[in-house]
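Chain by chain, the residues run as shown.
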Amino acid sequence: MMLLSIALILLVIFGAPLFTVIAASAMLGYQKEGIDLMAIAIEVLGIAGMPMLSAIPLFTFAGYLLSESNAPQRLVRLTDALLGWMPGGLAMVSLATCALFTAFTGASGVTIIALGAILYPALKQDGYPDNFNLGLVTTSGSLGLLFAPSLPLILYGVVAEISIDNLFRAGILPGLLMLVLLSGYSLWVGRNTAKELAPFSWKELASALNAAKWELPLPIVVLGGIYSGFFAVSEAAAVTALYVFLAEVVVLREITFKDLPRVMRESMLLVGGILIILGMSLASTNYMIDAGVPQQLLAFITEFVSTQANFLILLFVFLLILGAILDIFSAIVLVVPLILPIAMQYGVNEFHLGIVFLAAMQLGYLTPPVGLNLFIASYRFDRPIMNVYAATFPFLVILAVSVLIIMYWPDLSLLLVPD
Amino acid sequence: MSEPRGLVERLERWGTAAENAALVILLGALMLLAVGQIVMRMFFSIGFVWADELVKLLVLWITLVASIAASRSDRHLRIDIVSHFVPEKYARFPRVIVDIFAATMCGILAWQSWRYLQLTIEFEDTVLIDVPAWIAYGLLPLAFVLMCYRFLLMSGSDLMRILRPEAGAGAPK
């Protein structure tokens, strides 16, 4: 058994598709308990039994459509008209647009590709130091993860079986905290960029608003609809997907019908990858919960850790390591069912835990050696990976500080969550 | 020599086209059905029991078709430590092994879901009120068979490139 586990770990390290390894571990468990292996088929079909899951393909499709259209340019122009007149303004423009865009496209790396190409040269032109720009753009790719309707938030809610609406509310202030801290750093770095700032112009703002008129209703309808409780999450996803399709394909025609199957395929590749892992892990976690793994883990941890504060430290370290090796989606699916009951024992609120988990996993996008954004940025901007590591480091530290604040200040997450 | 290669290429093209067509239809149906449900709820205050179930089945089918597509495009989620830090030449060798492993697992999954499928036929399980369940679940073994085939193909082509590096340039990508 021990030997087989080591073999499975080696397979993971050498790049076996995660879903096959999870399937193997589930089936090994079945074998041991004398359960018919056929049960794994039933568990995978459990995908068809999960509520709210339709939100994931629908939001992902909408996000890919948006990123393939000219919406990113219009968004940058609009935020620039709003914030560009301030010193350090352009850096804040980058942070704000990326956060909004990531929330809508689900933190899958498309932000760096869609927005980075616009923002990186613009920052350079405004006289920001090059490493700062690289770090900023790389970091921004996963900023906004805590804002509705980002995919990791939805997936967390589905897996943990808690109210996604409340999770959305819990993410607002912690997400803003990250934005504020990073903006502060940007202001500090940008305090003596020589370039003269364009004054605020009502005319430019009106014209930017006009250019973005088809996208403007989107955040209002979606966020307003969700936060007010008018739409369920899956309904908001359906409305968003249909609306974005009508706006970008039918009205603005920035994506042709001929191109549509390609965009659909691209977006669904990500969805298939996430949901097949979800299906397999339904099998493996059910087995682990039956076998009492969470209780054993809890018993083990309580030997060393007695207070909630210490438990949170342990959790932080664990999530940092987890985030550095595993992508956020697989991590949610595999780990949340196991740590949720343990965290409950330490009296951690389930929504607070969700936000802590996702905020810490956000660091994982930027943690060497395998943080996803680091590689996307290295590839996209044609810079050596070591260079990207170094450029991103200050941002990583700031985000780590904000994760610690989020962790030890539960009210920040829970203030907006109704009891 | 050129005949079988032509056949394989045609199969690849048709396969991709079939995946894309299926994804377009399923995603389009999901979008329309989900919006339709909202309209029905808001303006006519009615809902259909089967609509909710069909939405969930559509998500299942999208998952399966997209997984097939992801194995063709090599986009399944993996922990990719080795390939980032080891020269491509050496990274191929473990890839052959992990892809054979993946193919084996998909084969087992296909076999187990095939057994389950027969059980649902035997017990006359139904979905969507009175549709035989095997129609909805039939995609499951098929998906794993296709993924098994895809992973075998990938490990085969990687093995070929290890054995005959010079031939790699001409191989279809």
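What counts, and at which threshold
Residues numbered from 1 in each chain as written. Chains lettered and ligands numbered in written order. Predicted model: local features only at pLDDT ≥ 70, side-chain atom pairs only at ≥ 80, totals over all residues. Heavy atoms only, no water. Helix = DSSP H or I, 4+ residues; strand = E, 2+ residues; numbered from the N terminus. Rg over C-alpha atoms; globule rule 2.2 N^0.38 Å. Buried < 20%, exposed > 50% of the residue type's maximum accessible area, 1.4 Å probe, protein only. Lys, Arg positive; Asp, Glu negative; His and termini not counted. Charge placed at Lys NZ, Arg CZ, Asp CG, Glu CD. Axes fitted to C-alpha atoms, helices over the stretch in contact; angles between N-to-C directions. Parallel < 35°, antiparallel > 145°, perpendicular 65-115°, else oblique. Contact = heavy atoms within 4.5 Å. Nonpolar A, V, L, I, M, F, W, Y, C, P; charged D, E, K, R; others polar. Buried area = accessible area lost by both parts, 1.4 Å probe. Salt bridge = Lys/Arg side-chain N within 4 Å of Asp/Glu carboxyl O. Polar contact = N/O pair within 3.5 Å; in protein donor to acceptor, adjacent residues only side chain to side chain. Expected span 1.5 Å × (residues − 1). Bend = angle between axes of the 7 residues up to and from the residue. Core = buried A, V, L, I, M, F, W, Y, C linked by side-chain atoms within 4.5 Å. pLDDT = per-residue confidence, 0-100.

### Examining the overall build of chain A
Next, step 1: Counting its secondary structure elements, chain A contains 21 helices and zero strands.
Next, step 2: For a compact globule of 419 residues, the expected C-alpha radius of gyration is about 22 Å, and chain A comes in at 22 Å, within 12% of that figure.
Next, step 3: C-alpha atoms of chain A, sized along the principal axes, occupy 70 × 45 × 45 Å.
Next, step 4: Scored against the burial criterion, the 419 residues of chain A give a buried share of 61%.
Next, step 5: Where the 15 positive side-chain charges of chain A centre and where its 24 negative ones centre are 15 Å apart.

### Description of the packing of helix α2 (residues 49–72) of chain B against helix α6 (residues 139–163) of chain B
All names here are of chain B.
Next, step 1: Look at α2 against α6: their axes get within 9 Å of each other, and the N-to-C directions meet at 10 degrees. Between α2 and α6, the crossing angle belongs to the class labelled roughly parallel. Across from W61, L64, V65, S67, I68, S71 and R72 in α2, the residues of α6 making contact are L139, L140, A143, L146, M147, R150, F151 and M154.
Next, step 2: In terms of residue class, the contact of α2 with α6 is made up of 11 nonpolar, two polar and two charged.

### Some remarks on the environment of A:L75
Residue and element names in this part refer to chain A.
Next, step 1: Tracing the backbone shows L75 in helix α5 (residues 71–83).
Next, step 2: Sequence separation between L75 and G34 is 41 residues, and the spatial gap between their C-alpha atoms is 57 Å.
Next, step 3: Excluding residues within four positions of it along the chain, L75 makes contact with T97, L100 and F101.

### As for the interface of chain B and chain A
Next, step 1: Each partner contributes to the interface: chain B provides 56 residues, whereas chain A provides 63 residues.
Next, step 2: Interface of chain B and chain A: buried area, both sides summed, is about 5,200 Å²; carbon and sulfur atoms make up 80% of it.
Next, step 3: Sorting the residues of chain B by area buried against chain A places B:M31, B:L77 and B:I79 first, and these three jointly supply 15% of that buried surface.
Next, step 4: Our count for the chain B to chain A interface comes out at four salt bridges.
Next, step 5: Between the two partners, chain B and chain A, sit nine residue pairs in polar contact (both at pLDDT 80 or more).
Next, step 6: At the level of secondary structure, the elements contributing two or more residues to the side of chain B that touches chain A comprise α1 (2–44), α2, α3 (82–85), α4 (88–122) and α6 of chain B.
Next, step 7: At 14 residues, α1(B) tops the list of elements feeding residues into the side of chain B that touches chain A.
Next, step 8: In the side of chain B that touches chain A, the residues fall into 39 nonpolar, nine polar and eight charged.

### Things to note about α4(B)
Residue and element names in this part refer to chain B.
Next, step 1: Its 35 residues give α4 an end-to-end C-alpha distance of 50 Å, which sits within 8% of 51 Å, the value for a rise of 1.5 Å per residue.
Next, step 2: The largest bend in α4 is about 25 degrees, located at P94.
Next, step 3: One or two positions beyond α4, positive phi appears at E124, with a value near 50 degrees.

### Re the nonpolar core
Next, step 1: Core analysis: the biggest nonpolar cluster contains 211 residues, and A:I40, A:Y156, A:M280, A:F357 and B:Y137 have the highest contact counts within it.
Next, step 2: At 16 residues, the largest contribution of residues to this core is made by helix α14 (residues 260–290) of chain A.
Next, step 3: With residues near it in sequence (within four places) discarded, A:I40 still touches A:A23, A:A26, A:M27, A:Y30, A:M280, A:A283, B:L109 and B:Q112.

### Here's the deal with the confidence of the model for chain B
All names here are of chain B.
Next, step 1: With 93% of its residues at a pLDDT of 70 or more, chain B shows a mean pLDDT of 87.
Next, step 2: Segment residues 168–173: pLDDT under 50, and four contacts once partners within four positions in sequence are set aside and those in other chains are kept.
Next, step 3: Predicted as a complex, the structure gets a pTM of 0.90 and an ipTM equal to 0.90.

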